[in-house]
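Here is what each chain is made of, one letter per residue.
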Amino acid sequence: MAGRWLRHGRWQQVSLLSGRSSLRLFGAGKGEGSRHCSGSASLQKTEADPGVTEEEIVVPRKKTWDKLAVLQTLASTVNRDPTAAHYMFQDDPYLIPRNSYEYRLFSLSKESGKNAAKYIVNEFPRFFEKDIAEPHIPCLMPENLAPQIEEVSEAALKERIQLRRVKASVDMFDQLLQSGTPLSLETSNRLLDLLCFYGDREPAREDQSEQKEELEESEEAAPDQRKRRGRSWKTSDFIGPKWRENNNAERIFNLMPERNAHSYCTMIRGMVKHGACVRAHDMYTDLLNDRHTADVYTFSALILAVPEVKENYIERWELVEDLLKHMVQQKVQPNMLTFNAVLKTLRKCGGMGKGISLKILREMKALNIEPSLATFEHLLGIFYKSGSMEIIYEVMDEIEGKTFVAQDPDDANFFVSAMRICHSLKDVELAYRLHKVLETGDNWKLIGDAQQQSLYCARFFTLVCMMEQLDVILKWYKELVPSLFYPNAQVMWDLLQALDTANHLEMVPQFWKDIKQLGLSNRPELLEEVLALMAREIHSQETQMSFANCAADIKSIFETRERNQVPLGWTASALGNIAILFSRVGRIQEACNMLELFKRTSRVPSDKVMNEVLTCTKQSNTPHQAVELVKLAAAFSLPTTAKLARRVIEEFELSEEQKKTLEDADPQSSDSDSD
């Protein structure tokens, strides 16, 4: 950096003084009930000490309230209901989402309905001319999108630009050009603003039209994508819509008889936004050749484009440093977005970004520029990539107790990234501190969209499951589900592990209901874990009955074959655990049916399964089923067939025919056992 940009100052602690000054009420002591202030003097001197002055309290005659002050006050009296879904959904049992799939489906359906309603209102405004709202609400009335000026004139062009009609604006410009009508520089720049902002495309009024354009562009870019297979992908390969070469923006820019700094800056920012980063830097060179100066937003865009222009880490930083020197030379004062752009670029400069990023923060402090959440997010990303995650403690010390507002699009990434680091460090206390920052003021608005919120809550709850006691885990489960997120299979698996660690497996059936409601009952690994936990130990009879009911429920899921869904395949462990759970509650017939499933699915039962089922037959005193069990073990060629046969002979009253059947079941194993 040049000048102050390379100064190695220390990031000093700045104490922020509030606007309220502390007042000491003189004369409020003995013998005086109140202090009387004169309305004419602003300062008064006490009789006891004439050298001491006090500030007078001036009561304003009128207080101007914010338009939303009453609603905000009412909202502050209502807490979030942790048992209810998001308030965006209808209060209807059939329209309240029960899992993440339904959350996405219902929210998109509602948004699609709004878009459809807006389309009908704007396409057929004649049916909605009656205004019954008092006072008038403009946003509820049809938008007047039809141009009113028909003749070819500069005023007509301005009107089409105001209506954001990209194609109509370009056509009007061409007509004015053909008629020889000169355009003012301001109007030409406004047209460039429109074209560069939307990438020379009509602004999408509906999601379908936008997706259709992106699909057509992806099909056109397919040959180029095949050529790129031999090299690494860049960020610009995924940005859409792309900047098309020789588009209307470039054509109109080249046709302009006069260009100023605004013209160049608009083109540069448009190229960066739509992925033409190399062309943006070339345009900046043309700006310098025409002896113009760029504004701070253009420099920020150019810094963001550096990783797409240079491949080498050192070259990237050298280019950023050159741009910063140009800012000093052109006397352009950086803002918070400029520093965030530098930090974001440093994330793609390898290990060299650690030391430089701290200098950037010190420079921000020297210029009295308050960092945003995106600043801290970029800082965490730089250090996290190099394995130095301890800096998050310093970041937490800096942001605790503060409220933030959205200033950078990357602000929404901070809480998710910070919680990822808390999860990596296995520091639940740090996670609590971060969650407290999220709940401070309106910071919760900066958590991002529903997907980012779900990811944040999933990591937070997973960390709680690993590090906390069961009562704390259940408290957070009730607090977060379903009002803030819907757990996925991994989160529920972690919750089951927490139940196992706390030795509270009797609660597994309760969470099995939640697993079904969340739509996770088709996840084989989750079903296997539920069955394994229930079958591992023997519990009270009441608990075993609830376990058996869960096992029957899981068995029906395996046997159900729904349309457009891959059926679940039986495993030996699933069959065995269900058979064990049935056996422990005396449901011998169902346990024997599970053994028959072993034979049909070509699975082999374990010794534990056979012994559990045999114990059940003993309790129910059904010798014929015990004999069938031994015959089934012989069919599987189990090595414990002889032991099972001996147990049946010793523990059951058998007929001669049944004894002969047992002797014929596995004579070799019987002989080896007798030897």
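Conventions we followed
Residues numbered from 1 in each chain as written. Predicted model: local features only at pLDDT ≥ 70, side-chain atom pairs only at ≥ 80, totals over all residues. Heavy atoms only, no water. Helix = DSSP H or I, 4+ residues; strand = E, 2+ residues; numbered from the N terminus. Contact = heavy atoms within 4.5 Å. Buried < 20%, exposed > 50% of the residue type's maximum accessible area, 1.4 Å probe, protein only. Lys, Arg positive; Asp, Glu negative; His and termini not counted. Salt bridge = Lys/Arg side-chain N within 4 Å of Asp/Glu carboxyl O. UniProt positions renumbered as here; feature names shortened; annotations may be inferred. Patch = residues over 30% accessible without salt bridge, like charges linked within 9 Å, V, L, I, M, F, W, Y side chains within 5 Å. Areas by Shrake-Rupley, 256 points an atom, 1.4 Å probe, with all protein chains shown as cover. Core = buried A, V, L, I, M, F, W, Y, C linked by side-chain atoms within 4.5 Å. Expected span 1.5 Å × (residues − 1). Arc of directions from axis to C-beta. Axes fitted to C-alpha atoms, helices over the stretch in contact; angles between N-to-C directions. Parallel < 35°, antiparallel > 145°, perpendicular 65-115°, else oblique. Left-handed = near helix turned anticlockwise from the far one by under 90°. pLDDT = per-residue confidence, 0-100. Phe/Tyr/Trp six-rings, centres within 6.5 Å; stacked < 30°, edge-to-face > 60°.

(A) Molecular detail of the side chain of Gln-330. Along the chain, Gln-330 falls in the loop between α13 (313–329) and α14 (336–346). Not counting chain neighbours up to four residues away, the residues in contact with Gln-330 comprise Tyr-284, Leu-288, Thr-293, Ala-294 and Phe-299.

(B) Representation of the side chain of Asp-494 in the model. Structurally, Asp-494 can be placed in helix α22 (residues 489–501). One buried charged residue, Asp-494, remains without a salt bridge, the closest side chain of opposite sign being Lys-426 at 10.0 Å. In contact with Asp-494, other than residues within four places in its own chain, are Thr-462 and Cys-465.

(C) Representation of the UniProt feature "repeat: PPR" (unreviewed entry) in the protein chain. Mapped onto this numbering, the UniProt entry gives "repeat: PPR" (unreviewed entry) at residues 335–371. Across residues 335–371, the secondary structure splits into 68% helix and 0% strand, with the terminal C-alpha atoms separated by 10 Å.

(D) Examining a nonpolar patch on the surface more closely. On the surface, a cluster of nonpolar side chains totalling about 460 Å² of accessible area is made up of Tyr-119, Ile-120, Phe-124, Phe-127 and Phe-128. Structurally, Phe-128 is set in the loop between α2 (100–123) and α3 (154–162).

(E) Spotlight on the nonpolar core. One finds Met-267, Leu-346, Phe-414, Phe-415, Leu-434, Tyr-456 and Phe-461 to be the most contacted residues of the largest nonpolar core, which totals 173 residues. Among the elements that line this core, the one with the most residues is helix α20 (residues 450–467), at eight residues. In this structure, Phe-414 is in contact with Leu-373, Phe-376, Glu-377, Leu-380, Val-395, Ile-399 and Leu-434, ignoring residues within four places of it in sequence.

(F) Here's a closer look at helix α10 (residues 277–289). Relative to the 18 Å expected for 13 residues at 1.5 Å per residue, α10 spans 19 Å between its end C-alpha atoms, a close match to the ideal helical length. The set of residues buried in α10 consists of Cys-277, Ala-280, His-281, Met-283, Tyr-284 and Leu-287. The buried residues of α10 all sit within an arc of 155° when viewed along its axis, so they share a single face. On the buried face of α10, the contacting elements are α8 (248–255), α9 (261–273), α11 (296–304), α12 (306–309) and α13. Remark: Arg-291 follows α10 within two positions and exhibits a positive phi of approximately 60°.

(G) Region of interest: the packing of α20 against helix α21 (residues 470–480). Close contact between α20 and α21 brings their axes to 9 Å; oriented N to C, the two are set at 165°. With respect to their mutual orientation, α20 and α21 come out roughly antiparallel. In the crossing of α20 with α21, the sense of the turn from one axis to the other is left-handed. Within the contact between the two elements, α20 uses Cys-457, Phe-460, Phe-461, Val-464 and Cys-465 and α21 uses Ile-473, Trp-476, Tyr-477 and Leu-480.

(H) The confidence of the model for the protein chain, seen in detail. When the pLDDT values of the protein chain are averaged, the result is 83; 84% of them are 70 or greater. Predicted confidence for residues 1–48 stays below pLDDT 50, and this span has 67 contacts to residues more than four positions away or in other chains. Every residue in residues 207–239 scores below 50 in pLDDT, and together they form 24 contacts with partners more than four places removed in sequence or on other chains.

(I) Representation of the pattern of salt bridges in the model. All told, the structure shown has 23 salt bridges when counted by the stated rule. Two residues, Glu-102 and Arg-98, come together in a salt bridge whose shortest N-O distance is 3.1 Å. Asp-553 is paired through a salt bridge with Lys-516; the nearest N and O atoms lie 2.5 Å apart. Placement of the pair is Asp-553 in helix α25 (residues 541–559) and Lys-516 in helix α23 (residues 508–517), with a sequence separation of 37 residues. Look at Asp-553 and you get partly exposed, because its relative accessible area is 23%. One network of salt bridges, with partners in common, ties together Lys-365, Glu-398 and Lys-402.

(J) Geometry of helix α5 (residues 185–198). The terminal C-alpha atoms of α5 lie 20 Å apart, and with 14 residues this matches the ideal 20 Å at 1.5 Å per residue to within 8%. Looking only at α5, the buried set comprises Thr-187, Ser-188, Asn-189, Leu-191, Leu-192, Leu-194, Leu-195, Cys-196 and Tyr-198. Those residues of α5 that are buried lie in contact with α3, α4 (166–178), α8 and α9. Positive phi shows up at Gly-199, right after α5, with a value of about 65°.

(K) Broad picture of the environment of Val-491. Mapped onto the elements, Val-491 comes out in helix α22. With 26 residues separating them in the primary sequence, Val-491 and Cys-465 have C-alpha atoms 8.8 Å apart.

(L) Structural context of the packing of aromatic side chains. Throughout the structure, instances matching the rule amount to 14 aromatic pairs. Ring centres of Phe-197 and Tyr-198 lie 4.9 Å apart, and the angle between their planes is 85°; this geometry places the pair in the edge-to-face category. According to the relative accessible area criterion, Phe-197 is partly exposed, its value standing at 49%. Ring geometry for Phe-461 versus Tyr-477: centroids 5.8 Å apart, planes at 45°, classification tilted. In this pair, Phe-461 sits in helix α20 while Tyr-477 sits in helix α21, placing the two residues 16 residues apart along the sequence.

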